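Notes for the structure review
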Amino acid sequence: MHLSVNGVAWELAVHPMKRLLDVLREDCGLTGTKEGCGEGECGACTVLVDDAPVCACLIPVAQVSDCDVRTIEGLGDEHALQRAFMDEVGAQCGICTPGMIMAAVALGPKPTLARIKTGLAGNLCRCTGYEAIYRAVRRAGRA
Amino acid sequence: MRGAVATLTLLRPRTLREALDVLRDDPELVPLAGATDLYVSLNFGTLEGTRFLDLWPLRALRRITEKGDVLSLSLIHI
């Protein structure tokens, strides 16, 4: 199974129906992507596949063999969203944060508050109450 | 994850014609596009099939067409 993750080519001997989430965490060693519900409801496992946000817990790895997969590790520590989430305290326990940030990446530059709320509607947070997250995404958009 | 995928089989036809031929010859195959219901059922232990036919790569099934008052959505639309 050939897989491109964060620009790096992987050749993996994995079952074609292994979840992308499990392949990323177990076979690629990229544990930044978290499992929240395993049912596509919480968005914690959000990654980008060909720039589109998807729930990695619902995707057989075979279906992304020709795609560009991007995870939170691929952003790097100095990405504007990473810095903004720190500065605005947009994370408390942090479980939702990687998925939240990847979903925010998919919003593109300078999203409006309405677009942020809609775009992140599939990413649940039990800690922050979302306001700090929205501030972080808006702050990153202004950076 | 709670369910094991090792017991599952995924066939990946390269064309729609190939998919139809395989499905004709093996009616036990379950067509699969997005896998939401599959993995939810696997987690709950209610998954009934074990052999799946992956329709996701088939471009012929990815279209939305409008003819008069009728809007047709393909099996897989992005």
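Note that the structure is a prediction, hence the values are computed from the model and not measured.

Things to note about the packing of helix α2 (residues 80-87) of chain A against helix α3 (residues 97-105) of chain A
Packed helix pairs are characterised by how far apart their axes lie and by the angle those axes make with each other. All names here are of chain A. At a minimum axis distance of 10 Å, the contact between α2 and α3 shows a crossing angle of 130 degrees. It follows from the interaxial angle that α2 and α3 lie oblique. When you trace α2 past α3, the crossing you get is right-handed. Contacts between α2 and α3 involve Leu81, Gln82 and Phe85 on the former and, on the latter, Thr97, Met100, Ile101, Ala104 and Val105. For the contact of α2 with α3, the class distribution of residues is six nonpolar, two polar and no charged.

With respect to the pattern of salt bridges
Residue and element names in this part refer to chain A. All told, the structure shown has 13 salt bridges over all chains when counted by the stated rule. In this structure, Asp22 and Arg19 form a salt bridge, with 2.8 Å as the shortest nitrogen-oxygen distance. Arg19 sits in the buried class, given a relative accessible area of 0%. In this structure, Arg139 engages Asp87 in a salt bridge whose closest nitrogen and oxygen atoms are separated by 3.8 Å. Of the two residues, Arg139 is situated in helix α5 (residues 131-142) and Asp87 in helix α2; the sequence distance between them amounts to 52 residues. Each of Asp87, Glu88, Arg135 and Arg139 takes part in one network of salt bridges that share partners.

Brief notes about the interface of chain B and chain A
Counting residues at the interface gives 20 residues for chain B and 15 residues for chain A. Roughly 1,400 Å² of surface becomes buried between chain B and chain A when both sides are summed, with 60% attributable to carbon and sulfur atoms. The interface formed by chain B and chain A holds zero salt bridges in total. On the surface where chain B and chain A come into contact, there are seven residue pairs in polar contact (both at pLDDT 80 or more). Listed by contribution, the elements that provide at least two residues to the side of chain B that touches chain A are β1 (9-11), α2 (36-44) and β3 (51-54) of chain B. In terms of residues, the side of chain B that touches chain A owes the most to one element, α2(B), which gives six residues. Of the residues in the side of chain B that touches chain A, the class split is 14 nonpolar, three polar and three charged.

The rules behind each value
Residues numbered from 1 in each chain as written. Chains lettered and ligands numbered in written order. Predicted model: local features only at pLDDT ≥ 70, side-chain atom pairs only at ≥ 80, totals over all residues. Heavy atoms only, no water. Axes fitted to C-alpha atoms, helices over the stretch in contact; angles between N-to-C directions. Helix = DSSP H or I, 4+ residues; strand = E, 2+ residues; numbered from the N terminus. Parallel < 35°, antiparallel > 145°, perpendicular 65-115°, else oblique. Left-handed = near helix turned anticlockwise from the far one by under 90°. Contact = heavy atoms within 4.5 Å. Nonpolar A, V, L, I, M, F, W, Y, C, P; charged D, E, K, R; others polar. Salt bridge = Lys/Arg side-chain N within 4 Å of Asp/Glu carboxyl O. Buried < 20%, exposed > 50% of the residue type's maximum accessible area, 1.4 Å probe, protein only. Buried area = accessible area lost by both parts, 1.4 Å probe. Polar contact = N/O pair within 3.5 Å; in protein donor to acceptor, adjacent residues only side chain to side chain.

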